[in-house]
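Observations on the three-dimensional arrangement
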Amino acid sequence: MPSHTSRATASENHPDDRSLNRLRYPRSPKWGGLRSLRHDLPASVVVFLVAIPLSLGIALASGAPITAGLVAAAVGGIVAGATGGSALQASGPAAGLTVVVAGLVNEYGWAATCAITVAAGLVQIALGCLGVARAALAISPAIVHGMLAGIGITIALAQIHVVLGGKSSSSATENLVALPDQVLHANPAAAVAGVIVIAVLLVWPKLPKVRAVPAALVGIVLATAAAAALGLDAVRVDLPSNVLDLGLAPAMPSGSWSAIALAALTLAVIASIESLLSAVAVDRMHDGPRADLNRELVGQGLANSASGLLGGLPVTGVIVRSSTNVAAGARSRASTILHGVWVIVFVVLAGGLVEQIPLAALAALLVVLGVRMVKPGEIRELRRHRELAIYVVTAFGVVELNLLEGVALGIGVAMLQALYRLTHTKIRTEHMGSFWHVVVEGSLTFTAVPRLNRTLAQVPTGARVDVDLKVDYLDHAAFEALHNWRVTHERLGGRVDIDEVHESWYENAVSGTPAGRKSPTTQASWIFPWTHRRPEVAPKAHLLHGVSEFQRVTAPLVQPVLAELAEQGQSPSQLFITCSDSRLVPHLMTASGPGDLFTVRNVGNLVPRPGEGGAFGNADVSVAAAIEYATEVLGVSTITVCGHSGCGAMGALLDGAGEAARPLDAWLTHGAHTRARYRVDSETQEAAGSEQDQLGRLNVIQQLDNLLAHPGVSERVEAGTLHLTGMFFDIAAAEMHLLDPATGTFAPVGAREVSAGADSDRSREDVPA
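Residues numbered from 1 in each chain as written. Predicted model: local features only at pLDDT ≥ 70, side-chain atom pairs only at ≥ 80, totals over all residues. Heavy atoms only, no water.

Some details on the overall build of the chain
Applied cut-off: Helix and strand definitions here come from DSSP, where helices need a minimum of 4 consecutive H or I residues and strands a minimum of 2 consecutive E residues; each element is numbered from the N-terminal end. Accessibility here uses a 1.4 Å probe with only protein chains present; expressed as a share of the type maximum, an area under 20% marks a residue as buried, one over 50% as exposed, and anything in between as partly exposed. In this analysis, two residues are considered to be in contact whenever any of their non-hydrogen atoms come within 4.5 Å of each other. Per-residue accessibility takes into account occlusion by the displayed protein chains alone, with areas from the Shrake-Rupley method and a 1.4 Å probe.
When helices and strands are counted, the chain shows 32 helices and 12 strands. Out of the 769 residues belonging to the chain, those deemed buried represent 49%. Sequence separation of 24 or more characterises 74% of the internal contacts of the chain that already satisfy a separation of 6 or more. In the structure as shown, the chain presents an accessible area of about 35600 Å², 62% of it carried by carbon and sulfur atoms.

Things to note about the packing of aromatic side chains
Selection rule: Between 30 and 60 degrees the pair is tilted, below 30 it is stacked and above 60 it is edge-to-face, where a pair is any two Phe, Tyr or Trp rings, Trp via its six-membered ring, whose centres lie within 6.5 Å. Throughout this description, the term charge over a ring refers to an Arg CZ or Lys NZ atom that lies within 6 Å of the ring centre and within 35 degrees of the ring normal.
Counted under the stated rule, the structure contains three aromatic pairs. With 5.8 Å between their ring centres and 65° between their planes, phenylalanine 48 and phenylalanine 346 make a pair best called edge-to-face. Here phenylalanine 48, found in helix H3 (residues 37-62), pairs with phenylalanine 346, found in helix H14 (residues 334-354); they are 298 residues apart in sequence, far enough to count as distant. With a centroid separation of 5.8 Å and an interplanar angle of 35°, the aromatic rings of phenylalanine 598 and tyrosine 629 are classed as tilted. One end of the pair, phenylalanine 598, is in strand S8 (residues 597-602); the other, tyrosine 629, is in helix H25 (residues 622-633), and 31 residues separate them in sequence. Overall, the relative accessible area of 17% leaves phenylalanine 598 in the buried class. Over the face of the ring belonging to phenylalanine 728 we find arginine 697, whose NZ or CZ atom lies 4.6 Å from the ring centre.

A few points about the environment of glutamate 441
Heads up, the rule is: Whenever two N or O atoms come within 3.5 Å, that pair is a polar contact, provided that in protein one can donate a hydrogen and the other can accept it, and provided that, for residues adjacent in sequence, both atoms are side-chain atoms.
Tracing the chain through its elements places glutamate 441 in strand S4 (residues 435-444). Within the structure, the side chain of glutamate 441 is placed 2.7 Å from the side chain of arginine 428, a separation counted as a polar contact.

Observations regarding the sheet that holds strand S10 (residues 723-730)
Quick note on the threshold: Two strands pair if DSSP finds at least two bridges between them. Orientation is described by axes fitted as lines to C-alpha atoms, over the contacting stretch for helices, and by angles from 0 to 180 degrees between their N-to-C directions.
Pairing is mixed in the open sheet, where six strands are placed in the order S8-S7-S9-S10-S11-S12. Among the strands making up the open sheet, the edge pair consists of S8 and strand S12 (745-748). Adjacent strand axes in the sheet meet at a mean angle of 30°, parallel and antiparallel pairs treated alike. Sheet topology note: the strand S7 (residues 574-579)/strand S9 (residues 638-644) ladder contains five bridges and is parallel. Bridged to leucine 575 within S9 is isoleucine 639. Each of S7, S8 and S9 touches H25; the most contacted strand, S8, lies at about 170° to it. Here helix H29 (residues 691-707) sits on the sheet in contact with S9, S10, strand S11 (735-740) and S12, set at roughly 165° to S10.

With respect to the pattern of salt bridges
Threshold: Salt bridges are defined as contacts in which a side-chain nitrogen from Lys or Arg sits within 4 Å of a carboxyl oxygen from Asp or Glu.
Throughout the structure, instances matching the rule amount to eight salt bridges. For the salt bridge of glutamate 378 with lysine 375, the shortest nitrogen-to-oxygen distance reads 4.0 Å. The class for lysine 375 is partly exposed, based on a relative accessible area of 40%. Salt bridges linked by common partners bring Arg464, Arg495 and Asp497 together as one network.

Some thoughts on the sheet that holds S4
If you walk across this open sheet you meet the four strands as S3-S4-S5-S6, and the pairing is mixed. Edge positions in the sheet fall to strand S3 (426-432) and strand S6 (495-500), since each of these pairs with one other strand and no more. On average, each strand axis in the sheet is tilted by 15° relative to the strand beside it, whichever way the strands run. As paired strands, S3 and S4 are joined by seven bridges and run antiparallel to one another.

Details of the nonpolar core
This is how it is decided: Nonpolar core, defined: a set of buried Ala, Val, Leu, Ile, Met, Phe, Trp, Tyr and Cys residues in which side-chain atoms within 4.5 Å join the residues together.
If you look at the biggest cluster of nonpolar residues, it comprises 83 residues, and the most contacted ones within it are Leu56, Trp110, Ile116, Ile151, Val197, Leu313 and Val343. If you tally residues by element for this core, the top one is helix H15 (residues 359-372), at 10 residues. Core analysis: the second largest hydrophobic core is formed by 45 residues, Phe576, Leu597, Leu695 and Leu739 among them.

A closer look at the state of the cysteines
Basically, it comes down to this: Cysteine sulfurs are considered disulfide-paired once they come within 2.5 Å of each other.
Counted according to the given criterion, the structure contains zero disulfides. Looking at cysteine 579, it has no disulfide partner, and the nearest cysteine sulfur is the one in cysteine 647, 4.1 Å off. Taking relative accessible area as the criterion, cysteine 579 reaches 5% and is therefore assigned buried.

What to know about a nonpolar patch on the surface
The condition is simple: Within this analysis, patches are made of residues with over 30% relative accessible area and no salt bridge. Like charges are joined at 9 Å or less; nonpolar side chains (Val, Leu, Ile, Met, Phe, Trp, Tyr) at 5 Å or less.
Nonpolar side chains collect at one region of the surface, where Val341, Ile344, Val345, Val348 and Leu349 lie side by side and expose about 410 Å² of accessible area between them. Within the fold, valine 345 resides in helix H14. Among the residues examined, valine 345 registers a relative accessible area of 36% and is labelled partly exposed.

Remarks on the side chain of glutamine 89
Its place among the elements puts glutamine 89 in the loop between helix H4 (66-83) and strand S1 (91-92). With relative accessibility at 3%, the residue glutamine 89 sits in the buried group. At 3.4 Å, the side chain of glutamine 89 and the backbone oxygen of serine 275 are in polar contact. Only 2.9 Å separates the side chain of glutamine 89 from the backbone nitrogen of alanine 279, close enough to count as a polar contact. When near neighbours in sequence (up to four residues on either side) are disregarded, glutamine 89 contacts Ser275, Ser278, Ala279, Val282, Glu296, Gln300, Gly317, Ser322 and Thr336.

Concerning the confidence of the model for the chain
The cut-off we apply is this: Known as pLDDT, the predictor's per-residue confidence is scaled from 0 to 100.
Mean pLDDT over the chain works out to 81, with 82% of the residues at or above the 70 mark. Averaged pLDDT values for the elements of the chain fall to 35 in helix H1 (residues 7-13) and rise to 96 in S9. A low-confidence stretch, residues 1-31 (pLDDT under 50), is modelled with 81 contacts involving residues beyond four sequence positions or located in other chains.

Below, the structure is given as structure tokens:
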């Protein structure tokens, strides 16, 4: 068993703390400035490669000049990137506006559409200055997803004709009806180019070693090369002889001014909603500066006005380019700006290459893009929330009527559904012997009181009743009816347990807490021990009762998340190593959910060094296996070691455990380094707390050092892809403390750490010497 008898021996086993701190807590990534350019430059090239084929295809589908897509890509990158409020959102022409733009081009012509784009940009600037960006996110997700699905279906039905060498109609129904005849009279050359692109887009993402190269770019390049090599007679992109001479200034549209104003407003609202939703989604992908949504709206308005003036398509924030930007490692808005610059350079220097691209290849790209706008995952989610009707009606309206009328239909259905839910409450009962279960779902208002009374009247006197209130609103009349029945039933010898799944309407009414506030007694009951919730139940039956309560109350809420995790597999970002102590609940302490933590629990939260044997002469590999799996297979970004107050293992180490040939003592031999460090490095002990808790805190630091001895851990820490974090949970205070690597001390996690995402505590720009 390793022992430490002198300060020199301790130094040999524990390298200089400062060097360990630098390894364990790498410097924080810089957001902005020249240092980020080494990340932004390669990211901008990747986004540029994605933007070129998409911009060309969207211009084709919109009925606009091909150069309009390239203009919008350049302006979106440079103007929106420089002035917008989202550092990493990449902007440009978007498929979501294709139907709107195509309609404007058909009705007013391209020059007038440019003028409407300028006006829409001015509306966006005004909305951003008025600070209404957050309000734009209030629209039902079912309507937004339905709108995008309708647009995707319209795009796919139109562009499949181009893939087959024909021409599309302005009506989705006509395109669908004419599709069989188009298939019979397809142009083989165009079809070959289109099939190549579709095949690449479907297969390429499944090839892990080449996924970094954009599939759209690969498909367009292969289709173009095949068309040239086989001499296929396919219609190709036609650029003007001088791509810098746009040659078309915006012109004032002719017609009803009210219709023109409505067109500009519609374009502005749709572009704004798409940009803001994209910005919010991008914020979830990175830990850099959060988006200023009102500034983003102003930036998008400036980009649209500039794009319209230069003869470009309307601009929005595009989630495909933005997610690519984040995944490529961008650190600042320099990446999005540079991607716009590369578009200009490409057009000037390689315009001839663009003219070799078959139109069918670009159309095939849009077919796949349109189909992907109908997302099965969103449909399943909306079905679970009973909002599928809103989605279907909106999509149908967009396809069969037009975008504005489709959205209006969706809003109408959403309002009718809200009214229906307010007046229709589900009340059902089930009973087994003397036990009764009553479930109430929906909005429990005065309109449901007669049915509620009839249902409760069926419960016999003296019965035990569990009432599940899965309600989003409870008015006073319904509360009085339920509460009076409960009082009467319990007075006659019965028992009533009321569980509230969503909000604590009933408990707040009983306690006198105003609506919208939570009473201290209305916290989720599952956090309390079994003996606090069901003291009358025998201890051996607690587990079964707990499982029953989970199946009845919690399972319906978490099943959609678990179903998704079951399909996709686990991808946690954290390996959490903590003690087996029954008082510690990792998911409660970290407010985490399924799929968030890959957890290892053992006596004393120990991390044995590789090859270190116990009293039985066998090295422990269970923790090492978990570390290897978490880092090499799951690719976690953080490993946290969490100790706690009153740890029995630490008390045993202080009493000299770890020397007898019993399984527990054999395991505690892995704590010998902690005990030796405690005896030798007395100046590192914290004054506060008992010796047991002081040893517990030092044990966390020691186990972090042990982690560095495991294969691959120190290398990942040095590379900045893995962070090691130390925590200590004070059970009595219910308070988590975080290790400060600079001082070796623990302090309660406060608002500063939360607002900084805890990065400021685990990563330091400079570690004091």
